[in-house]
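Structure assessment
Letter by letter, the chains look like this.
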Amino acid sequence: MHEFTYYTPTKVVFGRGSEAKTGALLKEYGAGKVLLHYGGGSAERSGLLGRIREQLAAERIPFVELGGVMPNPRLSLVREGITLCEGEGVDFILAVGGGSVIDSAKAIGYGVTGGGDVWDFYDFKRKAETCLPIGAVLTIAAAGSEMSNFCVITNDDTWEKRGTKSDAGRPRFAVMDPELTMTLPPYQTACGCADILMHTMERYFNHGENMELTDGIAEALMRTVIRNAGILVKEPENYEARAEIMWAGSLSHNGLTGCGTDGGDWATHKLEHELGAMFDVAHGAGLTAVWGSWARLVYGERLDRFAKFATNVMNVPWQGNERETAVCGIYAAEAFFRSIGMPVTLAELGIAPTEEQIDALAEKCMKSAQGMPGIVKKLSREDIAGIYRAAM
Ligand code: NZQ
Ligand code: ZN
């Protein structure tokens, strides 16, 4: 087992009705003036924002608002948020929404406390060491940003999508009420389930050894997501399934399923981030569209782990040898993605990159990985272009 640091400072307030505790939590964490940050309209339509405003007023906490965060959150709005917070003396950000809103909040928090150009943190020029304190009211189980140290922003001048890591950005608290996710369209629910599964798959496919407990937690989490994602296709209002998925989303990306590994592969995420920047696709769908092509290129490097994934997660019967079992596991995972309405090719994702675009995607992927992405197999520029082509 590799050495590791496990740090999860976020207070989780989970369950039916937990959204009603948001005002009290802000008080508990000493919020003096709040930026209420949200997305494109779903939280307004559902009435959630109205209820949060009432709680802020009841607690006598002054606040300003900035809505309009788009999926694949944009740097231009982050800059607007920084100016607003500086002008208004904001000392706490409340993110109401999903990964995009929480990431936008983190970026604003880095910018306000770090000074200078906030893009520096995404362009490998500086590391974010400080952040305004952040609270999250989660409305979609997916990215796991409510407990993660990661933050992904799209630069809408250069159309680069970049992530940066900092423990300073981990939210102080996360309010998770599974009922808030019931207004999600089926496609968005499925995208979330895919992303959650992938956060543990990225960690599971690695070159580490002897991770009995971490592997067991990871496999249980993946089986839970697969089972409950299937239930939500037929019963979108099933509270128990919503709750299982929501909790899995946080545990899948707070570091737990990576303890003792070598960090995991993450090439699929790198490949998707470039698709997201160029074609503005939903993150979860972009991941499933390329994963199978990545897996078929690299599985020979870790036949044992791919075979273990097949039997312990995808419920594939032993095929007499590791190679056959591993291959069946990859196809079973793709069949699962299809069963919840997720694409397994770029055509199904609705895009058809040209050769020139594939070249550009591969080049940007190498740049954002600062070298060859991947752990199971270090991917060359040709490998990356080959995966995109195979995924067509
Ligand atoms: O903007 P609104 O109107 O709120 O609509 C959103 C958005 O269109 C909608 N939505 C959210 N909650 C809803 C709802 N619609 C109806 N009812 C609700 N309760 O869902 C759409 C997607 O929201 P978004 O926040 O973009 O989804 P997600 O949580 O999947 O976040 C995706 C972003 O997170 C990044 C992705 O790259 C992408 O930019 N990631 C962040 C990570 C992190 N910080 O740790 C890790 C991930 O790997 C990922 O890269
Ligand atoms: Zn993800």
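Above this text sits the structure in question.
The following refers to the structure shown. (Residues numbered from 1 in each chain as written. Chains lettered and ligands numbered in written order. Predicted model: local features only at pLDDT ≥ 70, side-chain atom pairs only at ≥ 80, totals over all residues. Heavy atoms only, no water.)

On to helix 9 (residues 267–279), then. Spanning 13 residues, helix 9 covers 18 Å between terminal C-alpha atoms, matching the ideal 18 Å at 1.5 Å per step. The element helix 9 is extensively covered by neighbouring structure, given that 10 of its 13 residues are classed as buried. All of the buried residues in helix 9 are Ala-267, Thr-268, His-269, Leu-271, Glu-272, His-273, Glu-274, Leu-275, Gly-276 and Ala-277. Backbone geometry just downstream of helix 9 places Asp-280 in the positive-phi region, at approximately 55°. (Helix = DSSP H or I, 4+ residues; strand = E, 2+ residues; numbered from the N terminus. Expected span 1.5 Å × (residues − 1). Buried < 20%, exposed > 50% of the residue type's maximum accessible area, 1.4 Å probe, protein only.)

This part takes up the coordination of the zinc ion (ligand 2). The protein atoms donating to the zinc ion (ligand 2) are Asp-195 (OD), His-199 (NE2), His-269 (NE2) and His-283 (NE2), with metal-donor distances spanning 2.0 to 2.2 Å. All donors to the zinc ion (ligand 2) come from one chain, and their sequence spacing reads D-x3-H-x69-H-x13-H. With His-269 in helix 9 and His-283 in helix 10 (residues 283–298), this residue pair connects regions lying 14 residues apart in the sequence. When its relative accessible area of 18% is taken as the criterion, His-283 is described as buried. (Donors = N, O, S within 2.8 Å, 3.2 Å for Na, K, Ca; no water.)

The next point concerns the sheet that holds strand 3 (residues 63–66). Across the sheet, which stays open at both edges, the 6 strands sit in the order 1-8-5-4-2-3 with parallel pairing between neighbours. The open sheet terminates on both sides in strands that have one partner only, identified here as strand 1 (11–14) and strand 3. Strand-to-strand twist in this sheet, taken as the mean axis angle between neighbours without regard to direction, amounts to 15°. Across 4 bridges, strand 5 (residues 134–138) lies against strand 8 (residues 173–176) in parallel orientation. Note on strand 8: the bridge partner recorded for Gly-135 is Phe-173. In this fold helix 3 (residues 48–58) packs onto strand 2 (34–38), strand 3, strand 4 (92–97) and strand 5, with an angle of close to 175° to the strand it touches most, strand 2. Its contacts with the sheet put helix 5 (residues 99–114) on strand 2, strand 3, strand 4 and strand 5, and the angle it makes with strand 4 is roughly 165°. (Pairing = 2+ DSSP bridges. Axes fitted to C-alpha atoms, helices over the stretch in contact; angles between N-to-C directions. Contact = heavy atoms within 4.5 Å.)

Attention now moves to the site of ligand 1. Taken together, 32 residues lie near ligand 1, and Gly-40, Ser-42, Gly-99, Ser-100 and Ser-148 sit nearest. Here a nitrogen atom of ligand 1 and a backbone polar atom of Leu-180 are 2.9 Å apart. Take His-269: an N or O atom from its side chain is 2.9 Å from an oxygen atom of ligand 1. Relative to its unbound accessible area of 960 Å², ligand 1 is 89% covered by the protein chains. Mapped by element, the contributors of at least two residues to the shell around ligand 1 are helix 5, strand 6 (150–155), helix 6 (186–204) and helix 9. Tallied by class, the residues present in the shell around ligand 1 amount to 11 nonpolar, 18 polar and 3 charged. Looking at which domains feed residues into the shell around ligand 1, each of domain 1 (11–180) and domain 2 (184–390) gives three or more. (Near = heavy atom within 4 Å. Polar contact = N/O pair within 3.5 Å; in protein donor to acceptor, adjacent residues only side chain to side chain. Areas by Shrake-Rupley, 256 points an atom, 1.4 Å probe, with all protein chains shown as cover. Nonpolar A, V, L, I, M, F, W, Y, C, P; charged D, E, K, R; others polar. Domains from an automatic or database assignment.)

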